[in-house]
Amino acid sequence: MTRTGLSDTIAAIATAPGSAGVGIVRVSGHRALEVADGLFRGKRRPSKTRGGRFLFGDLLAADGERLDEGLVLVFRGGRSYTGEDVAEFQTHGSPAVLGRVLARTLELGARLARPGEFTLRAYLAGRLDLAQAEAVLGLVEAQTEAARRQATLGLSGALGTRVARIGANLTRTLAALQAMLDYPEEGVPEEDRELPLAAARRDLLELVGTARAGQVATRGARLALIGRPNAGKSSLLNALVGFERSIVTPLPGTTRDYLEAGLELSGVPVTLVDTAGIRETGDAIEAAGVRQALNLAGGADLVLALEDGSAPREALPAELPPGARVIRIRTKADLSAAWTDPGALDVSAVTGAGLPELREAMGTALLGDVSRGEAWLTTERQADAARRALAHVDAASALPDDLASYELEEALGALSELTGRDVQEDVIDAVFRNFCVGK
Ligand SMILES: Nc1nc2c(c(=O)[nH]1)N(C=O)[C@@H](CNc1ccc(C(=O)N[C@@H](CCC(=O)O)C(=O)O)cc1)CN2
Ligand SMILES: Nc1nc2c(ncn2[C@@H]2O[C@H](COP(=O)(O)OP(=O)(O)OP(=O)(O)O)[C@@H](O)[C@H]2O)c(=O)[nH]1
Ligand SMILES: [Mg+2]
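Remember, predicted model here, so these are calculated numbers, not experimental data.

1. Considerations on the UniProt feature "binding site: K(+)" (unreviewed entry) in the protein
- As annotated in UniProt, the feature "binding site: K(+)" (unreviewed entry) corresponds to Asn 230, Thr 249, Leu 251 and Thr 254 in the numbering used here. Taken along the chain, the residues just named run across 25 residues; in space they keep tight, none of their C-alpha pairs more than 8.3 Å apart.
- Relative to the elements of secondary structure, Asn 230 occurs in the loop between β8 (221–227) and α9 (233–241).
- If near-sequence neighbours (up to four positions away) are discounted, Asn 230 is found in contact with Pro 252, Gly 277 and Asp 308.
- With 8 C-beta atoms counted inside 10 Å, the residue Leu 251 sits in the exposed group.

2. Here's the deal with the nonpolar core
- Grouped together as the largest cluster of nonpolar side chains are 109 residues, with contacts concentrated most on Val 25, Ala 36, Ala 87 and Ala 386.
- No other element matches the 7 residues that helix α12 (residues 380–397) contributes to this core.
- Other than its neighbours up to four places away in sequence, Ala 386 contacts Leu 204, Leu 207, Val 208, Ala 211, Leu 377 and Leu 418.

3. A short note on the sheet that holds strand β10 (residues 268–274)
- The sheet built from 6 strands is open, its strands ordered β9-β10-β8-β11-β12-β13 with mixed pairing. Unpaired on one side and paired on the other, β9 (259–265) and β13 (345–346) mark the two borders of the sheet.
- Inspection of the sheet shows β8 paired to β10 by 5 bridges, in the parallel sense. Across the sheet, residue Leu 225 finds its bridge partner in β10, namely Asp 274.
- Lying over the sheet, helix α11 (residues 355–367) contacts β8, β9, β10, β11 (302–308), β12 (326–331) and β13, oriented at roughly 170° with respect to β12.

4. Remarks on the sheet that holds strand β5 (residues 66–75)
- The 7 strands lie next to each other as β3-β4-β5-β6-β2-β1-β7, forming an open sheet whose pairing is mixed. What marks the edges here is a single partner per strand, and that holds for β3 (40–42) and β7 (111–112).
- As defined by bridge partners, β5 adjoins strand β6 (residues 86–93) across 5 bridges and the pair is classed as antiparallel. Each residue of the ladder has a partner; that of Leu 71, found in β6, is Gln 90.
- Contacts from helix α1 (residues 32–39) reach β2 (20–28), β3, β4 (53–60), β5 and β6 within the one sheet, and its direction differs from that of β6 by about 40°.

5. Considering the site of ligand 2
- Ligand 2 sits among 24 residues. The nearest are Gly 232, Ser 234, Ser 235, Thr 255 and Gly 277.
- Among the elements that take part in the shell around ligand 2, α9 stands out by supplying 3 residues, more than any other.
- Of the residues belonging to the shell around ligand 2, the class tally is 9 nonpolar, 12 polar and 3 charged.

6. A short note on the packing of helix α6 (residues 158–182) against helix α13 (residues 401–419)
- Where α6 contacts α13, the axes come no closer than 10 Å and their chain directions differ by 160°. The angle between the axes of α6 and α13 places the two elements in the roughly antiparallel class. Seen from above, α6 lies across α13 with left-handed handedness. Side by side, α6 and α13 meet where Leu 159, Gly 160, Val 163, Ile 166, Gly 167, Leu 170, Thr 173, Leu 174, Leu 177, Met 180 and Leu 181 of the first sit next to Asp 401, Asp 402, Ala 404, Ser 405, Leu 408, Ala 411, Leu 412, Leu 415, Leu 418 and Thr 419 of the second.
- Residue composition of the contact of α6 with α13, grouped by class: 14 nonpolar, 5 polar and 2 charged.

7. Some points on the environment of Gly 21
- By secondary structure assignment, the location of Gly 21 is in strand β2.
- The class for Gly 21 is exposed, based on 7 C-beta atoms found within 10 Å.
- The spacing of Gly 21 and His 92 is 71 residues in sequence and 6.0 Å in space, taken between C-alpha atoms.

8. Brief notes about the packing of helix α5 (residues 145–155) against helix α8 (residues 211–219)
- The N-to-C vectors of α5 and α8 enclose an angle of 120°; their axes lie 7 Å apart at closest approach. In terms of orientation, α5 lies oblique with respect to α8. Handedness of the α5/α8 crossing: left-handed. Contacts from Ala 146, Ala 147 and Gln 150 in α5 reach Gly 214, Ala 217 and Thr 218 in α8.
- For the contact of α5 with α8, the class distribution of residues is 3 nonpolar, 3 polar and no charged.

Scoring rules and cut-offs
- Residues numbered from 1 in each chain as written.
- Chains lettered and ligands numbered in written order.
- Predicted model: local features only at pLDDT ≥ 70, side-chain atom pairs only at ≥ 80, totals over all residues.
- UniProt positions renumbered as here; feature names shortened; annotations may be inferred.
- Helix = DSSP H or I, 4+ residues; strand = E, 2+ residues; numbered from the N terminus.
- Contact = placed C-beta atoms within 7 Å.
- Buried ≥ 20, exposed ≤ 12 C-beta atoms within 10 Å, placed from the backbone.
- Core = buried A, V, L, I, M, F, W, Y, C linked by C-beta atoms within 7 Å.
- Pairing = 2+ DSSP bridges.
- Axes fitted to C-alpha atoms, helices over the stretch in contact; angles between N-to-C directions.
- Near = placed C-beta within 6 Å.
- Nonpolar A, V, L, I, M, F, W, Y, C, P; charged D, E, K, R; others polar.
- Parallel < 35°, antiparallel > 145°, perpendicular 65-115°, else oblique.
- Left-handed = near helix turned anticlockwise from the far one by under 90°.

This is how it looks when you write it as structure tokens:
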């Protein structure tokens, strides 16, 4: 699908729908400058202009009516985003103007671009690898600082560099294994055979370990507040978001339905979910809320388990879902302590004591101890490929030399899907399907 019509000249509105100060229509392909000559009238013709230049003038309809005054920006093939000739029309940013300018480019021989087709062309021209193309999408969609930082790193090729280092060590291992098979009497030093494999495995483990942080950074995280009635869940949610989002009363059983509130934490978009206090109850509505709370805990990236620090400690009458990541919190730390626990954070929703430490702990629990300056795996596709590569490397490490080569080849194949240029068309389709038209 992605490989048809690639010699067509394509056009799309590159800016967001709606009104804005300025809007851009982008045209790419061998007829882009011809289209620009047909649409634009100024002191110079776009096709007679050097790449990287702006011209100011009028944008004209077929009958000569002036659609808008604006700028045309010309790029020459080989020195543009797509690698093709590109013309960009920068107009006043209304849907009316942009729609007419786009329609005129189609009359002049362009066709509408498919989602992601500009970036697909850049990829097929070898100007971006697949991970960089995903980073372009990440930049377009970035809502927070953590997402932007990772996408920028990805676009710069930092993930490709990380992957290339692993690939180089696997290739060195393969060469050593081959030498041992070909010249068994010579012997291959350990530093050629085992050290590169160990280094590749260590780097891959570390890379796979970034997947969770990468996905949290781009997709955000859900945090469930769980505890007995009156533990202070709603109060803590309000303290974290900074306004009275949830109803608080001294009566246990106040929150029945769950409710959500958004905030940003360590650059990550976080949804806090307040839930019904968990207790055994004869009230059918409250019992439904309790079941729902446990489900929400199961679906959350992180559970905040709250216990009232001013009252005798009482265990939850239900187990938290197995495998859940949990931060334990001793609430109402401003009152005299009925118990203490070094494994719990002391927090007061009333005075705000302990909130900075809690925010810090939440950030660490969500992002882990991955290094911020390095590129992470940011999509499920990338995480899957890296995990498969690791599984093959693990298999290779456990096999005799003559059988290990096959696993190493498979590992290299999986790695190449991360950044590769000659991957299966369905992999490419899966990446570019997520793009919007105009990117
Ligand atoms: N108006 C506009 N702004 C934009 C883009 C665009 O296409 N148009 N971009 C796109 O989404 C991003 C910038 N990315 C770009 C990447 C490469 C080239 C380019 O023409 N590269 C040539 C020439 C480099 C040079 O002159 O030094 C090259 O690499 O050969 C342009 C934009 C963000 N801002
Ligand atoms: N002194 C003090 N009181 C608190 C604190 N947090 C909550 N409370 C009080 O504890 C009571 C229960 O608070 P909520 O936030 O409604 O507790 P909850 O866990 O949401 O309770 P349910 O919705 O019933 O499950 C209210 O009277 C709050 O004012 C705190 O940090 N310090
Ligand atoms: Mg509540």
